[in-house]
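Observations on chain architecture
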Amino acid sequence: MTSSQRTSLGRGHGAVPDGLPVFDDSPAVANLDPALLDALRRAAADAAADGVVFVVNGGWRSWAYQEQLRRQGIAQHGSEAAAARWVTTPDRSAHVRGQAVDIGPPAARTWLAEHGARYGLCRIYRNEPWHFELRPEAVDHGCPPMYADPSQDPRMR
């Protein structure tokens, strides 16, 4: 997907054309669930002390933007079922609820995969190493097992 396709609805809908700092006030970051945003910012500050910088490549999305991404996914992958491995409907999307964040670059994803549980930040899908959600119980119990992809997540059914 090209940058122009990702941003046709613009930043007000949660589009992130070039990545954003975790302390940005754009809707994609500012509209994240407050607990998720707090955990993300605490993790980012600690990662920075290790020389690792977090970039938000996706966060909160409007209903319309999530639907646009879903339709683009169907076009790209050839069917709704194939696209469901990567993008879900707006009514089921953790991004629309502000409960998911996509992190880059790879060094940041690696750092968060290794240290995220102490902040309650967990990878949810094996096929999306950039996608993290808040699981407060992970602070004490570690992150839960990952789903292969979103199509295997019972919340998406």
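Below is a summary of the structure that appears in this document. Keep in mind it's a predicted model, so treat the numbers as computed, not measured. Residue numbers restart at each chain and count upward from 1, following the sequence in its written direction. Given that the model is predicted, a residue must reach a pLDDT of at least 70 before its local features are reported, and side-chain atom pairs must reach 80 or more before they are shown or counted; all residues, however, enter totals for whole chains, interfaces and linings. Each side-chain value is worked out from all heavy atoms of the structure, with water and hydrogens disregarded.

On to the overall build of the protein chain, then. To qualify as a helix, a DSSP run of H or I must reach at least 4 residues; to qualify as a strand, a run of E must reach at least 2; elements of each kind are numbered from the N terminus. Secondary structure summary: the protein chain contains 7 helices and 4 strands in total. Shown N-terminal to C-terminal, the secondary structure of the protein chain runs as helices and strands in the order α-α-α-β-α-α-β-α-β-β-α. It is over C-alpha atoms that the radius of gyration is taken, and the globule rule equals 2.2 Å times the number of residues to the power 0.38. Here the C-alpha atoms of the protein chain give a radius of gyration of 15 Å, agreeing with the 15 Å that 2.2 N^0.38 yields for 157 residues. If you line up the protein chain on its principal axes, its C-alpha atoms span 40 × 30 × 25 Å. The cut-offs for exposure are 20% and 50% of the maximum accessible area for each residue type, with area from a 1.4 Å probe on protein chains only; residues under the lower value are buried, those over the upper are exposed, and the others partly exposed. Expressed as a percentage of its 157 residues, the buried residues of the protein chain come to 48%. Only heavy atoms matter for contacts: two residues are in contact if any of them lie within 4.5 Å across the pair. Of the contacts made within the protein chain by residues no fewer than 6 positions apart, 57% connect residues no fewer than 24 positions apart. When the accessible surface of the protein chain is split by element, carbon and sulfur atoms take 53% of a total near 7,500 Å². Mean positive and mean negative side-chain charge positions of the protein chain (17 and 18 charges, respectively) differ by 5 Å. The accessible surface values rely on the Shrake-Rupley method and a 1.4 Å probe; as for residues, cover is taken only from the protein chains in view. We score Asp and Glu as negative and Lys and Arg as positive, and we do not count His or the chain ends. One atom stands in for each charge, and that atom is NZ of Lys, CZ of Arg, CG of Asp or CD of Glu.

Moving on: helix α4 (residues 63-77). Because the α-helix completes a turn every 3.6 residues, residues three or four places apart line up on one side. Here, expected helix span is obtained from the residue count minus one, scaled by 1.5 Å. For α4, spanning 15 residues, the distance from its first C-alpha to its last is 21 Å, which sits close to the expected 21 Å at 1.5 Å a residue. Along α4, the residues that are buried comprise Y65, Q66, E67, Q68, L69, R70, Q72 and G73.

Further remarks concern the pairing of strand β4 (residues 131-134). Both faces of β4 are covered, namely the face carrying H131 and E133 and the face carrying F132 and L134. With 3 bridges connecting them, strand β2 (residues 100-104) and β4 associate as antiparallel partners. Residue pairing across strands places A100 opposite E133, the latter belonging to β4. Strands were regarded as paired on the criterion that DSSP finds at least two bridges between them. The pairing of strand β3 (residues 121-123) with β4 spans 3 bridges and is antiparallel. Among the inter-strand pairings, R123 is bridged to a residue of β4, identified as F132.

Once that is clear, we can look at the pattern of salt bridges. What counts as a salt bridge is simple: a side-chain nitrogen of Lys or Arg found within 4 Å of a carboxyl oxygen of Asp or Glu. Under the definition given, this model contains 9 salt bridges. R70 is paired through a salt bridge with E80; the nearest N and O atoms lie 3.4 Å apart. Linking R70 in helix α4 with E80 in helix α5 (residues 80-83), this pair joins segments that are 10 residues apart in sequence. On the basis of relative accessibility, which here comes to 14%, the residue R70 falls in the buried class. Judged by its relative accessible area of 52%, E80 is exposed. Of the charged contacts in the structure, one is a salt bridge between E133 and R155, with a shortest N-O distance of 2.8 Å. Of this pair, E133 sits in strand β4 while R155 sits in the segment after α7 (138-141), and the two are 22 residues apart along the sequence. By relative accessible area, R155 is classed as partly exposed at 31%. Beyond isolated ion pairs, a larger network of salt bridges with shared partners links E67, R70, R71 and E80.

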